Amino acid sequence: MRTRVLAAAAATALAATGLAVPLATSAAASEPTEPPPLTSDFNGDGYADLAVGVPSGTVDGKARAGYVSVVFGGEYGLGPHGVRRVTQATVEVPGTPEAGDRFGGAVTTAYVNADRYADLVIGAPGEDIGTKKDAGSVTVLYGTGDGFATANTAARGDATGAAYGNALVAADFTGDKKTDLAIGAKDKVVYNSKPGAATTGLLMDDRMGGRAPVMTTGDFDEDGLTELAVAFYTESEPYIRSHVQLFRYDRGGDFEGDFGLTWSSDNSAANSLAAGDFNGDGHDDLALGNCREIADENIDDPCGPEELTKGGGIHIHYGDGDGLVWKGQTLNQDTPGVPGAAEPGDDFGNALTAADFDGDGHDDLVAGAPGEAVGSTKGAGSVTVLRGGPQGILDAAGAARATTYHQNSPGILGVAQKDDAFGTALTVGDHDGDGRPDLSVGAPGEDASTGGVWDLPSGAAGGSVINPNTLGLPASSDPTAYGAVLGR
């Protein structure tokens, strides 16, 4: 442990000077091939690490070229154990930094190759591919004992404005025990079942209004295959379109070896999705954050009772082994047990994540409300931890067990200020190695849009704050500043 801490401290000091940290060689062939349970442990030290995408970052004088800040976990959580700044100027990373690439526009983690080190998957939706402007690209950067080693391109946009890499998730969709990627693009999602090469196929396409699709994964029908959940909407001509949909890969069945639509909530739009077993019955459930009805056509209240969408509502579809049950639970900040009050602009549920923080066998749901006013301070933002239980997030009486945190809460560092947007992005990982997940909360409006990330141990008050200043990184004043994009 002492060796790890000293090495991490040295890496932190080196990063603060602005000097490059040498990259490691590839993993030894004798290392185990079964991945460990930590999905974001890039250096294999037993602690989850955190990847922060900063697509607005300036690199080598190129505005919005973008970078990813990797903050290593350790005995004391995030912050004291080293940081890496990964850009397209980093050794082994394909490409070069160019204005508007937005490298880090989406970030996820996965075990792409058969070693014990997690790998980092990075989207650059503004990347030019040849003469195709803003076609977009996806890079896989492979973890090693010292952090990272080689990298390759996993996707290249096929047309001008295709914006490949504006959203990312990783899972084994095909059931071959290997990692696949689902990649958001303009008005479609593509997939790569062999991320070691830039070979993609079409997973689905529809009008998305120029927005990145919202995606998460889970086995919602208990067939042993991970499904992809996608949310998207458009309110522009020629028609209004909004859906939350599930797609499943079928090896030679109904969909003839490709992805097919298995479930759809028409006319509902969600700004975030999270999967978890909230009622502890062994089946994955799906939470729709800041859910609202877009078009009143075929389905009544696709996000639950309409009055519960005020200020941002969360609608949960529970799995029963055969798939998602249509009638679920709906809550907002007017629900009994949820602190605060539902007000327009709160954006309650605009970000979601899930984990079992208290170890009771029920996943808990965390909802960010980046527009929440704290007292008279507008847009300061908050996060609410909603405890799972035998009935789910709500009990039999329709009440929640919840705790809300903001920068004026006891034990939370900092002070709530206008437009901090605390709760814009959320993710979880065991950063301090105590066997319990920790909650990371992004606030890109912190310090005049310099941004920051709060790490709350076991989803409770305490922990640390990391930001470009404390890590020795260049700041970027932009709506997608530090803390707007968190890897998961």
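Residues numbered from 1 in each chain as written. Predicted model: local features only at pLDDT ≥ 70, side-chain atom pairs only at ≥ 80, totals over all residues. Heavy atoms only, no water.

**As for the nonpolar core**
Alright, step 1. Judged by nonpolar contacts, the single largest core of 19 residues is most densely connected at F42, V68, V70, V86 and L120.
Alright, step 2. The set of elements that each furnish at least two residues to this core consists of β2 (67–71), β5 (119–124) and β7 (147–156).
Alright, step 3. Tallying contributions element by element places β5 first for this core, with three residues. (Core = buried A, V, L, I, M, F, W, Y, C linked by side-chain atoms within 4.5 Å. Buried < 20%, exposed > 50% of the residue type's maximum accessible area, 1.4 Å probe, protein only. Helix = DSSP H or I, 4+ residues; strand = E, 2+ residues; numbered from the N terminus.)

**Remarks on the environment of L394**
Alright, step 1. Residue placement: L394 occurs in the loop between β23 (382–386) and β24 (402–405).
Alright, step 2. For the pair L394 and L331, spaced 63 residues apart in sequence, the C-alpha separation works out to 8.2 Å.
Alright, step 3. Setting aside anything within four residues of it in sequence, one finds L394 in contact with Q329, T330, L331, T335, A399 and A400. (Contact = heavy atoms within 4.5 Å.)

**A word on a negative patch on the surface**
Alright, step 1. A cluster of acidic residues, E222, D281, D320 and D322, forms a negative patch at the surface.
Alright, step 2. Among the structural elements, D320 can be located in the loop between β19 (313–317) and β20 (329–331).
Alright, step 3. When its relative accessible area of 43% is taken as the criterion, D320 is described as partly exposed. (Patch = residues over 30% accessible without salt bridge, like charges linked within 9 Å, V, L, I, M, F, W, Y side chains within 5 Å. Areas by Shrake-Rupley, 256 points an atom, 1.4 Å probe, with all protein chains shown as cover. Salt bridge = Lys/Arg side-chain N within 4 Å of Asp/Glu carboxyl O. Lys, Arg positive; Asp, Glu negative; His and termini not counted. Charge placed at Lys NZ, Arg CZ, Asp CG, Glu CD.)

**Quick word on the pattern of salt bridges**
Alright, step 1. If you walk through the whole model with that rule in mind, you get seven salt bridges.
Alright, step 2. The salt bridge partner of R248 is D250, with a shortest N-O separation of 3.8 Å.
Alright, step 3. Given a relative accessible area of 17%, R248 falls into the buried group.
Alright, step 4. When its relative accessible area of 12% is taken as the criterion, D250 is described as buried.

**Description of the side chain of T108**
Alright, step 1. Here T108 shows up in strand β4 (residues 106–110).
Alright, step 2. Its relative accessible area of 4% is what places T108 among the buried residues.
Alright, step 3. Discounting chain neighbours no more than four positions away, the residues touching T108 are D119, L120, V121, L168, V169, A170 and R488.

**Overview of the state of the cysteines**
Here a disulfide denotes a covalent bond joining the sulfur atom of one cysteine to the sulfur atom of another.
Alright, step 1. Considering all chains together, one arrives at one disulfide under this definition.
Alright, step 2. Note on cysteine connectivity: C291 is disulfide-linked to C303, with sulfurs 1.9 Å apart. Across the S-S bond linking C291 and C303, the dihedral sits near -60°, which makes this disulfide left-handed. Here C291, found in strand β18 (residues 285–293), pairs with C303, found in the loop between β18 and β19; they are twelve residues apart in sequence, far enough to count as distant.
Alright, step 3. The class for C303 is buried, based on a relative accessible area of 3%. (Disulfide = S-S within 2.5 Å.)

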